[in-house]
Amino acid sequence: MVKRSLQASPTGIQQAKRAFALKGWTQENLAGEVNLKTRQPIWRFFTGQPVDRQIFLEICSILDLDWREIALDPPVDFPVPGERAKAVPLDVDSLVQQVRSQHRDTIQNQCGILQLLDVNRPVRIDDIYVDVNILEEIASQQWFEIAELQNIEPTDFDRVGLGDVEQKQIPGMQAVETYSKLRVLGKPGVGKTTFLQHLAIQCNRGEFAADRVPLFMAMREFAEESRHSGTFSLFHYVCSCFVPSGISDPAVIETLLQSGRVLLLMDGIDELLNQDSASVLREIRQFSDKYHRNQFVVSCRTAAQKLQLRGFTDVEIAPFTQAQITTFAQKWFAVFSRTTPRLAQSATPKEPQQNQSVEFLQKLDLPENWQFRQLVVTPLFLHLACWVFHGQEKFPTKRTEFYKQGLDLLLGKWDEARGVERDDAYRGFLLPQKLRLLSQLAAVTFEQGQYFFEQRIIEQYIGDYLRNLPNASLEPEELQLESEAMLKAIEAQHGLLIERARGIFSFSYLAFQEYFTARKIVASHNLRALEQALGSLVSHITDPHWREVFLLTAAMLRSADSLVQLMKQQIDALVAQDPYLQDFLMWVSQKSQSIPIEPKVATTRAFYLALAQAPHTAGQFALASTLDQGMFLDAALENLLLEFATDHSQDFAYINACSEALNNILVMVLDAGFYKSLQQLRDQLPAPSQNRERLQDWWQTNYPAWVTQLKSTVAHYRNIQHPWQFSPEQQQVLQRYYDANQLLIDCLNSNCEVTAAIRQEIEATLLLPQKELEDREWQGE
């Protein structure tokens, strides 16, 4: 059996040290030459400890040494690059198993670990990988009318997929087993590379394609090597990939390929520079045609799918389901928990650190975190969310910071971390210029209510932006070409704009369109422009689609005083011109003043506004979250009278229920006169033991008058049950008024920068009628 490691003999160590001294290097220099991340293998080599055989050979080769003279007991059957193995010819099955054995360590080292973003240690792929699902129909290849998509509500807008358009999903492994030539598409950060690495590891272990030899290739590295050598030969590159495993005979590789015994995993054809793209794709086509009996899996960003590969079936990695999010979080926190001694250490789901994953998932499911749920359907953003939560033990109060981190990833950090260089189709734009362009595109489309837009429209918007740049002198045709190229770059490089269906684009996440829209407002170039932008924003205060933009804008402003004051003015104006609604608000204010100081007066006003509109739901309103005994009594009385308005003439058990309800209410009544009146009304109810005829007679004769007397008593002692009769239009105005006040409160509670005096003034004047607002202003309060 071939040894997997070698160690230097005492005399070999001395010979190696002399050769090393002649180089004049440090051990770090030598590690770099061998392409090692640490110098530990170098230290082991010079101390006579076992070293991976391939690393041993590389060190000897770089030091110009014969490895046989350096190794302790060198094996005679060890194949070496450049040498022909003198072995008895093997049948193909035996050859496959021999090559798999020799190549196993290379694949394990190449694909068995992941380097996650902003994490300083590698993580074993088995500890973090979650099985992916595959969409067999590519969304961007489907035909839709723009009107069909514009009708999708924001709440139904799947921030990765196509709203409520459900697509059939199959397990990723099933797709690979079904198609011998497969191209796996996906948006940035969806896990395409990791999926290919997982396939390589599964094949390496014999759990998938055990009769094939796995080969993982980053296509940008193939392009770089081919560019330097001056020739694009995928066969030569494949042969070179086996050399580190001690397999250097091209005839062996040719035999494997001709027999269809290789699993070729080609990663990242979207990462090719334009100058290399045509040559690499042509070589892949020719190679896959010549050696068609092998299995091919190619990965590519969805936006680059126009780079056609004949004979390949296109599929797309689906966003994570809730079950996949749960599994990923459990694995992530098992690896990265504070109680875990080493980041890369394996962990089982039953260990204590899983408590943090449970907390993460519970908080992720809270209503206030729904925006995060829309983003964490890809491994990249889910990792970011876990990382932030792991450090803070909560989700950030200001979502703007999380969005900024996510955009930093998509706008360059993700490619930079993986060493990917892309063509510059941004006309030399730096990051601030890219952000301004995207903010402009988001604002102009969001302002027009466009979540989806035709390609020609978004290209026109890009053209408008380019035309207004300083020193812009593009001719119309040149401007059109430049706009097309820039749209392609935004889609392919960052995935911030994506093609949802043929010729129809949108932002990849609605959250980013909202964020960029808010950023456009905040980034106004001077104070006057900012005032105009804020004035335009508050004109949308009753439009629920703009709710998130208000919250993001408030959070990003250095001072949100002007914004919240403008919001308050706009809200008060909604009901200022309707005398009946002003009378109603006056009653609400008067009623709230009869309640003790706690809770806040504004909260009390909100409660009675809700009570008059919808008695059965008033206690559920967010603004009226704290009830004192008097407010609770009023809510109970309103609900009781609402019940009495229903015909229960045939339900004779209902009389007993009425009596019990009044008994419960009497417990809360403190006013002696009110208590006595309610007690008398309760005593007028007939005893449930009376026969059916007498009960029926009382109901028909006395019940209407009894209810009228009850309402009159309640109105007299509690100042509720006034006959407010709102028209449908007034009901809509009141609902918009209430919702807008709720939005204002949410902005104030969003950790935005508002001075204490402004905050106190707004809270004190919420839901007040116009007359009281004017009185306060006149009195200088």
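Residues numbered from 1 in each chain as written. Predicted model: local features only at pLDDT ≥ 70, side-chain atom pairs only at ≥ 80, totals over all residues. Heavy atoms only, no water.

Caption draft 1: Here's a closer look at the pairing of strand β9 (residues 262-267). With respect to burial, β9 is a largely interior element, 6 of its 6 residues being buried. With burial as the criterion, each face of β9 is covered, one bearing Val262, Leu264 and Met266 and the other bearing Leu263, Leu265 and Asp267. Across 6 bridges, the pairing between strand β8 (residues 213-218) and β9 is parallel. The partner of phenylalanine 216 across the bridge, within β9, is leucine 265. In terms of handedness, the path from β9 via helix α14 (residues 274-290) over to strand β10 (residues 295-301) forms a crossover that is right-handed. (Buried < 20%, exposed > 50% of the residue type's maximum accessible area, 1.4 Å probe, protein only. Helix = DSSP H or I, 4+ residues; strand = E, 2+ residues; numbered from the N terminus. Pairing = 2+ DSSP bridges. Right-handed = clockwise from strand over helix to strand, strands pointing away.)

Caption draft 2: Fine view of the packing of helix α20 (residues 431-447) against helix α21 (residues 455-467). The N-to-C vectors of α20 and α21 enclose an angle of 130°; their axes lie 10 Å apart at closest approach. One element, α20, and the other, α21, form an angle in the oblique class. Helix-helix and strand crossings are classified by hand; for α20 and α21 the assignment is right-handed. The segment α20 lies against α21, with Gln433, Arg436, Leu437, Gln440, Leu441, Val444 and Thr445 engaging Ile458, Tyr461, Ile462 and Tyr465. Across the contact of α20 with α21, the residue classes tally to 7 nonpolar, 3 polar and 1 charged. (Axes fitted to C-alpha atoms, helices over the stretch in contact; angles between N-to-C directions. Parallel < 35°, antiparallel > 145°, perpendicular 65-115°, else oblique. Left-handed = near helix turned anticlockwise from the far one by under 90°. Contact = heavy atoms within 4.5 Å. Nonpolar A, V, L, I, M, F, W, Y, C, P; charged D, E, K, R; others polar.)

Caption draft 3: Summary view of the side chain of serine 245. For serine 245, the position within the fold is in the loop between α12 (234-242) and α13 (250-258). The exposure class of serine 245 is buried, given its relative accessible area of 4%. Of note is the side chain of serine 245, whose polar atom sits 2.8 Å from the side chain of histidine 103. A polar side-chain atom of serine 245 sits 2.6 Å from a polar atom in the side chain of threonine 106. Residues within four places of serine 245 in sequence aside, it is in contact with Arg53, Gln54, Gln102, His103 and Thr106. (Polar contact = N/O pair within 3.5 Å; in protein donor to acceptor, adjacent residues only side chain to side chain.)

Caption draft 4: Local environment of the packing of aromatic side chains. The final tally for this structure, using the stated rule, is 36 aromatic pairs. One aromatic cluster in this structure is built from Trp332, Phe333, Phe336, Phe360, Phe372, Trp387, Phe389, Phe395 and Phe402. (Phe/Tyr/Trp six-rings, centres within 6.5 Å; stacked < 30°, edge-to-face > 60°.)

Caption draft 5: Geometry of the sheet that holds β10. In spatial order, the strands read β6-β5-β11-β7-β10-β9-β8; together these 7 strands make up an open sheet with mixed pairing. Where the open sheet ends on each side, the last strands, each with one partner, are β6 (169-171) and β8. The mean inter-strand angle of the sheet, taken between neighbouring strand axes irrespective of direction, is 30°. Looking at chain direction, strand β7 (residues 181-186) and β10 are connected through 6 bridges and run parallel. In the sheet register, glycine 186 faces β10, and the bridge partner there is arginine 301. Contacting β7, β8, β9, β10 and β11 (313-317), helix α10 (residues 192-204) runs over the sheet at an angle of about 160° to β9.

Caption draft 6: Examining the sheet that holds strand β13 (residues 497-501) more closely. Strand order in this open sheet of 3 strands is β12-β14-β13, and the pairing throughout is antiparallel. Among the strands making up the open sheet, the edge pair consists of β12 (453-454) and β13.

Caption draft 7: Representation of the environment of leucine 767 in the model. Along the chain, the position of leucine 767 falls in the loop between α34 (756-765) and α35 (770-779). Here leucine 767 falls in the buried class, since its relative accessible area comes to 2%. Residues leucine 767 and isoleucine 571, spaced 196 residues apart in sequence, show a C-alpha to C-alpha distance of 9.1 Å.

Caption draft 8: Representation of the packing of α12 against α13. With their axes 10 Å apart at the nearest point, α12 and α13 run at an angle of 110° to one another. Judged by the angle between their axes, α12 and α13 are roughly perpendicular. The handedness of the crossing between α12 and α13 is right-handed. Across the interface between the two elements, Phe235, Val238, Cys239 and Phe242 of α12 pack against Pro250, Ile253, Glu254 and Leu257 of α13. Partitioned by chemical class, the residues of the contact of α12 with α13 number 7 nonpolar, no polar and 1 charged.

Caption draft 9: Structural context of the nonpolar core. Of all hydrophobic cores here, the largest spans 139 residues; its most connected members are Phe360, Phe512 and Phe516. One finds Cys239, Ile253, Phe296 and Val298 within the second-largest nonpolar core, a separate group that totals 38 residues. (Core = buried A, V, L, I, M, F, W, Y, C linked by side-chain atoms within 4.5 Å.)

Caption draft 10: Spatial organisation of the state of the cysteines. Tallied over the full model, the rule gives 0 disulfides. The cysteine cysteine 747 is free of any disulfide, with cysteine 752 supplying the nearest cysteine sulfur at 6.6 Å. Residue classification places cysteine 747 among the buried positions, given a relative accessible area of 0%. (Disulfide = S-S within 2.5 Å.)

Caption draft 11: Molecular detail of unusual backbone geometry. One non-glycine residue, alanine 209, lies in positive phi territory at about 50°. By secondary structure assignment, the location of alanine 209 is in the loop between α10 and β8. Judged by its relative accessible area of 15%, alanine 209 falls in the buried class. In the Ramachandran plot, asparagine 751 falls in the positive-phi region, its phi being about 65° despite a non-glycine side chain. Inspection of the secondary structure assignment puts asparagine 751 in the loop between α33 (728-748) and α34. For asparagine 751, a relative accessible area of 42% puts it in the partly exposed group.

Caption draft 12: Structural context of the environment of leucine 116. By the element assignment, leucine 116 lies in the loop between β3 (113-114) and β4 (123-124). A C-alpha to C-alpha distance of 9.8 Å links leucine 116 and leucine 384, two positions 268 residues apart in sequence. Contacts of leucine 116, omitting those with residues within four sequence positions, involve Val123, Phe336 and His383.

Caption draft 13: The confidence of the model for the chain, seen in detail. In the predicted model, the chain carries a mean pLDDT of 80, and the fraction of residues at 70 or more is 79%. Residue range residues 81-88 is modelled with pLDDT below 50. Its contacts to residues more than four positions away, or to other chains, number 7 contacts. pLDDT under 50 marks residues 615-628. Its contacts with residues more than four places away, or in other chains, come to 32 contacts. (pLDDT = per-residue confidence, 0-100.)

Caption draft 14: Spotlight on α20. Relative to the 24 Å expected for 17 residues at 1.5 Å per residue, α20 spans 24 Å between its end C-alpha atoms, a close match to the ideal helical length. Those residues of α20 that sit buried are Lys434, Leu435, Leu437, Leu438, Ser439, Leu441, Ala442, Ala443, Thr445 and Phe446. Immediately downstream of α20, the backbone of glycine 449 shows phi near 70°, a positive value. (Expected span 1.5 Å × (residues − 1).)

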